[in-house]
Amino acid sequence: MRLKTSLLKESKHILFVIICVGWTTADELYSCSEDHQILKWNLLTSETSLIVKLPEEIYPTDLHWFPKTVGVKKQAQAEIFVLTSTDGKFHLTSKMGRIEKSVEAHKGAVLAGRWNYDGTALITAGEDGQIKIWSKSGMLRSTLASQGSPVYSVAWGPDSDRILYTSGRQLVIKPLQPSAKIIQWKAHDGVILKVDWNSVNDLILSGGEDCKYKVWDSFGHLLHCSLSHDYPVTSLSWAPDGEVFAVGSFNTLRLCDKTGWSYALEKPNTGSVFSLAWSADGTQLAGACGNGHVIFAHVVEQHWEWKNFVITLTKRRTMQVRNVLNDAVDLLEFRDRVIKASLAYGHLVVATSLQCYVYKNWNTPLIFDLKEGTVSLILQAEKHFLLVDGAGLYTFSYEGRLISSPKFPGMRADILNAQSVSLSNDTIAIRDKSDEKVILLFDALTGKALGDGKPLTHKQEVLEIALDQCGPSTDRKIALIDKNRDLYLTTVRHLGQEPKICKIGSMVHSMAWNDAANILCGIQDNQLTVWYYPSVVFTDKELLPKTLYIKDGSEFRRAPQVLNYIGTKVTLRQGDGSLVYSSVLPFPALLHEYSISARWEDALRLCCYAKDQSLWACLAGMAMANRELTTAEMAYAAIGELPRVQYINFLREQPSKESLLAHMLLFSGQVQEAEAAFLQAGLIYQAIQVNIDLYNWERALELAVKHKTHVDTVLAYREKFLQKFGRKETNKRFLQYSEGAGTTSEVESRCSPALKTFHASIKNA
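Residues numbered from 1 in each chain as written. Predicted model: local features only at pLDDT ≥ 70, side-chain atom pairs only at ≥ 80, totals over all residues. Heavy atoms only, no water.

Under the annotation held in an unreviewed UniProt entry, the protein carries the name Intraflagellar transport 80 homolog (Chlamydomonas) and is attributed to Oreochromis niloticus. Taken from UniProt, the Subcellular location (unreviewed entry) comment for the protein reads in full: "Cell projection, Cilium". (UniProt positions renumbered as here; feature names shortened; annotations may be inferred.)

A.B. asks: I keep staring at the side chain of Thr 427 and nothing clicks. Help me out?
C.D. replies: Mapped onto the fold, Thr 427 is located in strand 44 (residues 427-431). For Thr 427, the side chain forms a polar contact with the side chain of Asp 426, separated by 2.6 Å. (Helix = DSSP H or I, 4+ residues; strand = E, 2+ residues; numbered from the N terminus. Polar contact = N/O pair within 3.5 Å; in protein donor to acceptor, adjacent residues only side chain to side chain.)

A.B. asks: I'm lost on the domain arrangement of the protein in this one. Help?
C.D. replies: Interface size is often expressed as the accessible area that is lost when the parts come together. According to the domain assignment, the protein contains domain 1 (2-300), domain 2 (301-405) and domain 3 (654-764). The C-alpha centroid of domain 3 is placed 71 Å from the C-alpha centroid of domain 1. (Domains from an automatic or database assignment.)

A.B. asks: I keep staring at the packing of helix 9 (residues 697-707) against helix 10 (residues 711-724) and nothing clicks. Help me out?
C.D. replies: Helix-helix packing: each pair is described by the crossing angle between the helix axes and the interaxial distance. Where helix 9 meets helix 10, the closest approach of the two axes is 8 Å, and the angle between their N-to-C directions is 160 degrees. Considering their axes alone, helix 9 and helix 10 lie roughly antiparallel with respect to each other. When you trace helix 9 past helix 10, the crossing you get is left-handed. Residues Trp 697, Ala 700, Leu 701, Ala 704 and Val 705 of helix 9 pack against Val 711, Val 714, Tyr 717, Arg 718 and Phe 721 of helix 10. (Axes fitted to C-alpha atoms, helices over the stretch in contact; angles between N-to-C directions. Parallel < 35°, antiparallel > 145°, perpendicular 65-115°, else oblique. Left-handed = near helix turned anticlockwise from the far one by under 90°. Contact = heavy atoms within 4.5 Å.)

A.B. asks: Any chance you could explain a positive patch on the surface here in plain terms?
C.D. replies: Among the surface-exposed residues, Lys 4, Lys 315, Arg 316 and Arg 317 lie close enough to one another that they form a single positively charged patch. Relative to the helices and strands, Lys 315 resides in strand 32 (residues 309-315). Note on Lys 315: relative accessible area 51%, which makes it exposed. (Patch = residues over 30% accessible without salt bridge, like charges linked within 9 Å, V, L, I, M, F, W, Y side chains within 5 Å. Areas by Shrake-Rupley, 256 points an atom, 1.4 Å probe, with all protein chains shown as cover. Salt bridge = Lys/Arg side-chain N within 4 Å of Asp/Glu carboxyl O. Lys, Arg positive; Asp, Glu negative; His and termini not counted. Charge placed at Lys NZ, Arg CZ, Asp CG, Glu CD. Buried < 20%, exposed > 50% of the residue type's maximum accessible area, 1.4 Å probe, protein only.)

A.B. asks: Explain the packing of helix 3 (residues 613-625) against helix 4 (residues 629-638) to me, please; I cannot follow it from the model alone.
C.D. replies: At a closest axis distance of 8 Å, the pairing of helix 3 and helix 4 adopts a crossing angle of 150 degrees. Comparing the axis directions of helix 3 and helix 4 gives the class roughly antiparallel. Crossing angle aside, the handedness with which helix 3 passes helix 4 is left-handed. For the pair formed by helix 3 and helix 4, the contact residues are Gln 613, Trp 616, Leu 619, Ala 620, Ala 623 and Met 624 on the first element and Leu 629, Thr 631, Ala 632, Met 634, Ala 635, Tyr 636 and Ala 638 on the second. Residue composition of the contact of helix 3 with helix 4, by class: 11 nonpolar, two polar and no charged. (Nonpolar A, V, L, I, M, F, W, Y, C, P; charged D, E, K, R; others polar.)

A.B. asks: Explain a nonpolar patch on the surface here, please?
C.D. replies: Together, Leu 563, Leu 579 and Tyr 581 make up a nonpolar patch on the protein surface, roughly 260 Å² of accessible area in all. Turning to its location among the elements, Leu 563 is positioned in strand 55 (residues 561-566).

A.B. asks: Honestly, the UniProt feature "repeat: WD" (unreviewed entry) in the protein in this entry has me stumped. Any pointers?
C.D. replies: Within the UniProt annotation, "repeat: WD" (unreviewed entry) is assigned to residues 103-135 and 185-217. Its end C-alpha atoms 12 Å apart, residues 103-135 is made of 0% helix and 61% strand. For the annotated span residues 185-217, helix accounts for 0% and strand for 52% of the residues, and the straight-line distance between the end C-alpha atoms is 12 Å.

A.B. asks: Sorry, what's going on with the sheet that holds strand 49 (residues 487-491) here?
C.D. replies: In sheet architecture, strand pairing relies on hydrogen bonds along the backbone and comes in two forms, parallel and antiparallel. Across the sheet, which stays open at both edges, the four strands sit in the order 47-48-49-50 with antiparallel pairing between neighbours. Each end of this open sheet is capped by a strand with a single partner; those strands are strand 47 (462-467) and strand 50 (502-505). Between one strand and the next, the sheet's axes are offset by a mean angle of 30 degrees, whatever the strand orientation. Of the pairings in the sheet, the one linking strand 47 to strand 48 (residues 477-482) comprises five bridges and is antiparallel in character. Pairing of Ala 466 across the sheet is with Ala 479, part of strand 48. (Pairing = 2+ DSSP bridges.)

A.B. asks: Would you take a moment to explain helix 8 (residues 684-693) for this structure?
C.D. replies: At 3.6 residues per turn, the α-helix brings residues three or four places apart onto the same side. Counting buried positions over the 10 residues of helix 8 gives eight, a clear majority of the element. Among the residues making up helix 8, those that are buried are Ile 684, Tyr 685, Ala 687, Ile 688, Gln 689, Val 690, Asn 691 and Ile 692. Note on helix 8: the residue one or two positions beyond its end, Tyr 695, has a positive phi of about 60 degrees.

A.B. asks: Where do I start with the packing of aromatic side chains in this structure?
C.D. replies: When we look at a pair of aromatic rings, we describe it by the centre distance and by the angle of the planes. Tallied over the full model, the rule gives 30 aromatic pairs. Their ring planes at 40 degrees and their centres at 6.2 Å tell us that Tyr 359 and Trp 362 sit as a pair that is tilted. A relative accessible area of 3% places Tyr 359 in the buried class. Pairing Trp 697 with Phe 721 gives two aromatic rings, centres 5.2 Å apart and planes at 45 degrees, and the pair type is tilted. Pair noted here: Trp 697 is in helix 9 and Phe 721 is in helix 10, with a separation of 24 residues, a long-range link. Judged by relative accessible area, which is 8%, Trp 697 ranks as buried. One Lys or Arg, Arg 718, reaches over the ring of Phe 734 and ends 4.7 Å from the middle of that ring. (Phe/Tyr/Trp six-rings, centres within 6.5 Å; stacked < 30°, edge-to-face > 60°. Lys NZ or Arg CZ within 6 Å of the ring centre and 35° of its normal.)

A.B. asks: Looking at this structure, how should I read the nonpolar core?
C.D. replies: Judged by nonpolar contacts, the single largest core of 60 residues is most densely connected at Leu 487, Leu 591, Leu 619, Met 624 and Tyr 636. Sorting elements by how many residues they give to this core places helix 3 first, with nine residues. If near-sequence neighbours (up to four positions away) are discounted, Tyr 636 is found in contact with Asp 540, Leu 543, Ala 620, Met 624, Glu 641, Arg 644, Val 645, Ile 648 and Phe 667. Formed by 33 residues, the second largest nonpolar core is a distinct cluster that contains Ala 344, Val 358, Val 375 and Tyr 398. (Core = buried A, V, L, I, M, F, W, Y, C linked by side-chain atoms within 4.5 Å.)

A.B. asks: Would you take a moment to explain the pairing of strand 37 (residues 355-359) for this structure?
C.D. replies: Along any regular strand the residues' side chains alternate between the sheet's two faces. Of all the five residues making up strand 37, five are buried; the element is thus mostly covered by neighbouring parts of the structure. Every second residue of strand 37 is oriented toward a common face, with Gln 355, Tyr 357 and Tyr 359 on one face and Cys 356 and Val 358 on the other, all of them buried. Pairing of strand 36 (residues 347-352) with strand 37 involves four bridges; the strand directions are antiparallel. Opposite Ala 351, over in strand 37, you have Cys 356 as the bridge partner. Between strand 36 and the antiparallel strand that follows it, strand 37, lie two residues.

A.B. asks: Sorry if this is basic, but what is going on with the sheet that holds strand 15 (residues 140-146) here?
C.D. replies: In space, the four strands of this open sheet follow the order 12-13-14-15, with antiparallel pairing throughout. Of all the strands in the sheet, the pair left with one neighbour each is strand 12 (110-115) and strand 15. Geometrically, the sheet is characterised by an average inter-axis angle of 20 degrees between neighbouring strands, direction not taken into account. Pairing of strand 14 (residues 130-135) with strand 15, which is carried by five bridges, proceeds in the antiparallel orientation.

Shown next, in the form of structure tokens:
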């Protein structure tokens with residue numbers, strides 16, 4: 001990926017420094033200069049026109065357009081922008097250049113002005129060290145902060161509830177709530193000149209006179225620090241989707257990944273780049289230059305890979321498709337500028353500014369029109385794909401038919417990314433931005449909430465989610481990483497019951513499901529870990545460590561990220577931007593295939609051939625999940641799990657299917673479900689005994705009293721338990737019922753011979 005830059009031969013702002021730029025549409029830009037002129041640049045016609053010449057006393061310092069969309073609603077006031085100036089005022093200016101209102105804001109220059117994301121408030125920062133919040137009509141709401149040094153740059157937090165601003169060499173995050181805690185830290189060795197805060201990835205950029213740019217999280221933790229440039233960093237800006245950012249300095253323009261490493265470095269003849277602005281679709285960049293020029297840059301040479309195909313965006317409207325098997329090359333031409341693309345499951349999906357192209361072969365694409373021209377995300381599953389734009393989410397078939405469009409209260413489609421949305425053949429999962437512990441689940445075919453509409457709620461804030469891609473919809477699983485970097489797995493459809501959320505890993509920084517089998521890989525504590533059969537945690541969680549493949553991280557550099565897991569190849573991006581490929585054995589995927597098609601003999605032959613303990617452990621879990629006891633017995637025996645082999649023999653001796661089902665539920669740790677199965681089958685004593693064995697005394701007594709049987713047995717077990725520890729009974733309910741019962745020996749003497757034998761077997765076990 002790189003920037004293709006262009007500069008006019010002659011400056012339109014003659015011999016004056018251009019201070020700020022701002023996009024109105026994807027092809028129209030406004031620029032302001034010290035010559036008091038506001039110019040409009042049309043990229044389609046390459047024409048430049050004068051909008052207005054400002055009064056002589058107005059020297060502009062910053063420009064920011066009113067946000068065009070809020071969630072799914074268009075804004076009527078989108079045709080105005082705020083212009084700050086050195087005379088201490090900010091000016092609400094129409095698109096035609098008429099100053100609608102001028103407001104005295106600060107003593108000295110107003111150095112920055114920014115609308116919040118929903119357009120309900122404006123923040124200004126001044127040379128006087130004050131930060132003020134204004135209504136959209138220009139009425140003062142509050143003075144948020146006051147300090148002794150100028151505030152050179154300011155940015156809103158993603159939810160418009162916090163403010164980031166500069167204070168000399170320090171950065172400050174101040175919540176709007178008066179009682180909330182302020183976060184402040186030393187960020188640079190020189191004065192900080194520019195900051196930006198992205199609403200999608202929640203990351204912070206800063207650059208200053210120490211000639212460095214840095215990336216921070218929203219708690220002030222340093223994620224990346226650049227090498228020192230030759231000159232101070234005078235501008236920086238996040239792309240709208242949060243995947244890349246641009247940095248400007250003297251005769252320097254740099255394109256960087258969100259983790260900080262550099263894609264490309266350009267050295268145009270611009271002087272210092274004082275301001276950078278991205279177009280709404282994230283494909284174009286404009287910079288205000290110290291030599292009176294406006295520099296334009298287009299993002300080109302993006303790459304997409306899938307199996308034997310490599311696709312490159314060579315120009316704004318041209319893609320090159322290369323088959324690495326035979327070096328065949330195809331060129332794809334588009335009518336409009338390419339905004340987003342995705343390649344997976346044998347299909348290429350390309351979104352331009354007006355249309356969507358779906359390729360299965362390279363000669364005859366399926367084309368349909370788009371409502372919005374700002375597609376920010378494309379996700380693919382085997383049967384359909386998901387488009388996300390400023391207005392909402394849309395699921396399309398690969399034939400171009402609209403399948404569904406999920407909606408939910410407070411939806412902000414503009415801040416969704418690949419970590420907060422996941423798609424499978426039957427399910428769409430979305431992390432709720434208003435409460436990041438909540439995951440919203442929708443049916444991909446109808447767009448309606450799954451089940452009773454109750455979302456999945458985790459105990460911690462969720463950072464990343466991913467749906468598995470294979471198997472029936474009733475068995476769909478979702479993996480999630482929370483803020484503690486713990487990895488959890490749970491079912492999507494749980495039929496009114498509380499979902500069982502099981503932890504399967506810790507210190508996990510990124511993850512991806514395999515495209516052809518439900519195998520999960522992730523970076524765990526700087527090692528590549530592959531969970532061959534993560535669902536084993538629901539069947540026999542003690543098997544989970546035996547089903548892992550762990551590859552030492554010595555060959556990976558700092559902070560690798562998993563990009564995808566296709567076939568047997570895992571693609572990782574290292575901390576310096578380089579790609580690393582790691583191969584995984586094909587046997588686990590074959591084992592999944594045999595399990596789904598109930599080919600247990602083939603599965604046994606595969607494990608015998610591979611002679612891999614992790615495969616035997618996977619087979620044991622798969623067989624138990626499918627109640628294939630013969631295969632499970634052989635697999636457990638192969639990994640030396642003799643107690644489980646004995647338990648399987650015990651299962652075989654069960655007199656009824658209901659009893660077998662209940663004991664298999666017990667084997668999986670599903671106690672409540674096992675108890676319900678016993679009760680439904682009329683096996684009251686076994687339901688009571690389960691609770692006795694687990695020391696759930698009150699539940700055991702409750703069942704005995706409710707069904708009017710074996711109360712004396714519960715009391716006898718309770719008495720023996722207390723005698724063993726030298727304790728006396730204090731539970732009022734047990735005291736009440738024990739008054740009518742005899743001693744333990746008396747209770748046992750009243751039991752039938754069969755019951756006595758059963759008691760003895762339980763004790764021996």
